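# A closer look at the structure
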Amino acid sequence: AGIGWNVPRSPRFHSRPGIALLMASGDEFEVAQLAALESTHGADQVYHLGFEKDDSGRPKVRPLPLPELAAALRRPTPPRFCAQILIDLEAEGAAADFLRRFDLDPGRVRVGTARPDLLEVVPGEDSRDRLRVWDFKASHAARHEHYVQVAFYTLLLEQVVAARGLSERYAVDT
């Protein structure tokens, strides 16, 4: 527990009508995609922390904090998929190094949290397995911003893998 651990989260309000419905629909889509992965690969191959209800009572996937992700990846046989990774470089103490990689001043720029929908562990061709980022989209075709989002998640994940001492076992697909 840290500062503010017991402060209730403020409800998210959207300035445009329909955004809350789109977000809820996205959450439902993610839950369905996890169920499909579990059906195909087995529940033991899809690691997540279960589900929680949003303000309207709809289920959504609970975020998977980095300590739990790192523990899952350190298992002798890690799960094939990990869902809803909560990447917080500030909490990891890795934000400044990440920003300096891109010649950004940590005194002026902050790295917010990110939540890739899915991480897949892919057997590597060398001594390391590969970590591949997936982000669920309920659209027929990927758009430019979808690729940018996954690329950003990948950069963050590279920093996390290094900070958590997992670089000898895993490489991040880029």
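I will try to describe carefully the structure that is included in this document. Remember, it's a predicted structure, so these values are computed and weren't measured experimentally.

### Things to note about the layout of surface pockets
Of the volumes computed, that of the second largest pocket is approximately 360 Å³. Lining the second largest pocket are 16 residues; nearest its centre among them are Val 133, Trp 134, Asp 135, Ala 142 and Val 150. Looking at the lining of the second largest pocket, the element that brings in the most residues is helix H5 (residues 144-163), giving 4 residues.

### Remarks on the packing of aromatic side chains
As enumerated under the stated definition, the model contains 2 aromatic pairs in all. Residues Phe 98 and Phe 102 carry aromatic rings whose centres are separated by 5.3 Å and whose planes lie at 65° to one another, so their mutual orientation is edge-to-face. For Phe 102, a relative accessible area of 36% gives the class partly exposed. The interplanar angle of 75° and the centroid separation of 6.4 Å between the aromatic rings of Phe 98 and Phe 152 together place this pair among those described as edge-to-face. A residue pair is termed long-range when its members are at least 10 positions apart, and Phe 98 in helix H4 (residues 95-101) and Phe 152 in helix H5 qualify at 54 residues. Phe 98 sits in the buried class, given a relative accessible area of 5%. Grouped by ring-pair contacts, the aromatic residues Phe 98, Phe 102 and Phe 152 constitute a single cluster.

### Re the pairing of strand S8 (residues 129-134)
Here strand S7 (residues 118-122) runs beside S8; their pairing, made up of 5 bridges, is antiparallel. Across the sheet, Leu 118 pairs through a bridge with Trp 134, a residue of S8. With antiparallel pairing between neighbouring strands as the criterion, S7 and S8 make up a hairpin whose turn holds 6 residues. With 3 bridges joining them, S8 and strand S9 (residues 170-172) adopt parallel strand pairing. What sits directly across from Arg 130, in S9, is Ala 171.

### Notes on the nonpolar core
Where a protein is soluble and globular, its nonpolar side chains tend to be buried together. Counting 29 residues, the largest nonpolar core has Leu 69, Ile 85, Ile 87, Leu 89, Leu 119 and Leu 131 as its most contacted members. Contributing elements (two or more residues each) for this core: helix H2 (66-73), H4, S7, S8, H5 and S9. Here Leu 131 is in contact with Leu 73, Leu 119, Glu 120, Val 121, Leu 157, Val 161, Tyr 170, Ala 171, Val 172 and Asp 173, once residues within four sequence places are set aside. In terms of nonpolar packing, the next biggest core, distinct from the first, is built from 9 residues, Leu 34, Val 61, Phe 81 and Phe 136 among them.

### Observations concerning the sheet that holds S7
Sheet architecture is open: 5 strands sit in the order S1-S5-S7-S8-S9, paired in mixed fashion. Looking at the sheet topology across the chains shown, the edges are occupied by strand S1 (46-47) and S9. The sheet strands contacting H5 are S7, S8 and S9, and the helix crosses S8 at an angle near 140°.

Calculation criteria
- Residue positions are counted from 1 within each chain, in the order its sequence is given.
- Reporting in this predicted model follows two pLDDT cut-offs: at least 70 for local features of residues, and 80 or more for side-chain atom pairs to be given and counted; totals over whole chains, interfaces and linings ignore these cut-offs and use all residues.
- Note: side-chain values were computed over all heavy atoms of the structure, leaving out hydrogens and water.
- Using protein atoms alone on a 1 Å grid, points that fit a 1.4 Å probe yet trap it form a cavity, whereas open point sets bounded by protein on both sides within 12 Å along at least five of seven lines form a pocket; residues with an atom within 4 Å of a point count as lining.
- Grid points are joined across faces, edges and corners, and a volume is the space filled by probe spheres set on the points.
- Here a helix means four or more residues in a row that DSSP labels H or I, a strand means two or more in a row labelled E, and each is numbered from the N terminus.
- Any Phe, Tyr or Trp ring, taking Trp's six-membered ring, that has another such ring centre within 6.5 Å forms a pair; planes under 30 degrees apart are called stacked, those over 60 apart edge-to-face, and the others tilted.
- Throughout, exposure labels follow a simple rule: accessible area from a 1.4 Å probe, protein chains only, divided by the maximum for the residue type, with under 20% read as buried, over 50% as exposed, and the rest as partly exposed.
- At least two bridges found by DSSP between two strands are what make those strands a pair.
- Here, nonpolar core refers to any group of buried Ala, Val, Leu, Ile, Met, Phe, Trp, Tyr and Cys residues whose side-chain atoms link them within 4.5 Å.
- The criterion used for residue contact is that any of the two residues' heavy atoms lie within 4.5 Å.
- Geometry is summarised by axes, namely lines fitted to C-alpha atoms with helices restricted to the contacting stretch, and by angles between N-to-C directions that run from 0 to 180 degrees.

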